[in-house]
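# Tertiary structure, described
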Amino acid sequence: MTSVDHGQIWAIASVVNRHVEFRMTLSGEKVPATWDVVHPAFTVFNPERETFANVWSPSHADFSIFHEHTVDVLARCRTATSFQPQPDMPANVFDVSSVPWTSFTGFSLQIRDGWKHLLPIFTLGRYRETGGANRDACLHSGAPCGG
C-alpha cells in the first residue's frame with residue numbers, strides 16, 4: 001500500500017464520517033441507529049504466502065495522524081498468517097477493497113443477510129488515464145440506496 005492509497009482511504013473515511021446515512025447500523029433490537037464515527041477496514045497483502053489479511057485503522061481528521069497509524073498497522077500485519085490479525089476490530093468499520101490490477105464498469109457484491117449490513121463497502125480498481133485522471137470505483141451501501 002502506498003501513501004496514495006493511504007490518502008484515498010483517509011479521504012473516503014473523511015467523507016463517510018460527514019454523512020449520517022453512511023454511518024447507519026441496526027441496534028440489537030434491529031432498530032435503525034447511527035454510529036458517531038466509523039473506521040476504514042482494508043486488506044494488507046502478505047507476499048510470501050500470497051494471502052490477504054483484513055485490518056483497520058481509526059479514523060482521524062488529521063491525515064498525518066491517520067497515515068502514521070496506518071503505516072504502523074500495515075508494518076505489523078504484513079506477515080500475518082490469519083485473516084484478521086488485529087484482535088480488536090470494532091463493529092463500526094466499513095470496508096475499502098482494492099483490486100488495482102483490474103478495471104471495471106460495474107461490480108456486484110452478494111452478501112449473506114445483506115439486509116442488515118448498512119455500512120458502505122468501497123471497491124477501488126485500476127488507476128488509469130482516459131483524458132484525465134481516473135480510478136475505477138464502486139460504492140455498495142444498503143442504507144442510502146434503500147437496501
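Structure shown above.
Before going into details, it helps to say that this report is about the structure given with it. The model shown is predicted, which means the values in this text are computed figures rather than measured ones.

Turning to the packing of aromatic side chains, a few remarks are in order. Under the counting rule described, the total for this entry stands at three aromatic pairs. Residues phenylalanine 45 and phenylalanine 52 carry aromatic rings whose centres are separated by 5.1 Å and whose planes lie at 55° to one another, so their mutual orientation is tilted. Overall, phenylalanine 45 belongs to the partly exposed group, its relative accessible area being 36%. By relative accessible area, which is 38% here, phenylalanine 52 ends up partly exposed.

So, on to the pattern of salt bridges. A side chain with one charge may pair with a side chain of the opposite charge, provided their charged atoms come close. Evaluation of the coordinates by the stated rule reveals one salt bridge. Measuring nitrogen to oxygen at the nearest pair gives 3.0 Å for the salt bridge that ties aspartate 72 to arginine 76. Of this pair, aspartate 72 and arginine 76 both sit in helix 2 (residues 63–77), four residues apart, which is roughly one turn of the helix.

Right, let's talk about the environment of arginine 78 for a bit. Structurally, arginine 78 is set in the loop between helix 2 and strand 5 (93–98). Residues arginine 78 and threonine 43 lie 35 residues apart in sequence; the distance between their C-alpha atoms is 9.5 Å.

Taking 1.5 Å of rise per residue, 15 residues should cover 21 Å, and helix 2 covers 21 Å from first to last C-alpha, within 8% of that figure. If you check which residues of helix 2 are buried, you get Phe66, Thr70, Val73, Leu74 and Cys77. Along helix 2, the residues classed as buried sweep out an arc of 95° about the axis, all on the same side. Across helix 2 from its buried face, at more than 90 degrees, point the exposed residues Glu68 and Ala75.

Parameters at a glance
- Here the residue index of a chain counts from 1 through its sequence in written order.
- Note on the predicted model: pLDDT of at least 70 is required for a residue's local features to be given, and 80 or more for side-chain atom pairs to be given and counted; whole-chain, interface and lining totals, by contrast, use all residues.
- In computing side-chain properties, one takes all heavy atoms of the structure into account and sets aside hydrogens as well as water.
- Note on ring pairs: Phe, Tyr and Trp rings are taken, using the six-membered ring of Trp, and paired if centres are within 6.5 Å. Classes follow the plane angle, with under 30 degrees stacked, over 60 edge-to-face and the rest tilted.
- Whether a residue is buried, partly exposed or exposed follows from its accessible area with a 1.4 Å probe, protein chains only, as a fraction of its type maximum: under 20%, in between, or over 50%, in that order.
- One side-chain nitrogen of Lys or Arg within 4 Å of one carboxyl oxygen of Asp or Glu is enough to make a salt bridge.
- Numbering of helices and strands starts at the N terminus; helices are DSSP runs of H or I of at least 4 residues and strands are runs of E of at least 2.
- Expected helix span is taken as 1.5 Å per residue step, with the number of steps being one fewer than the number of residues.
- Relevant arc is that of directions from the helix axis to the C-beta atoms, nothing else.

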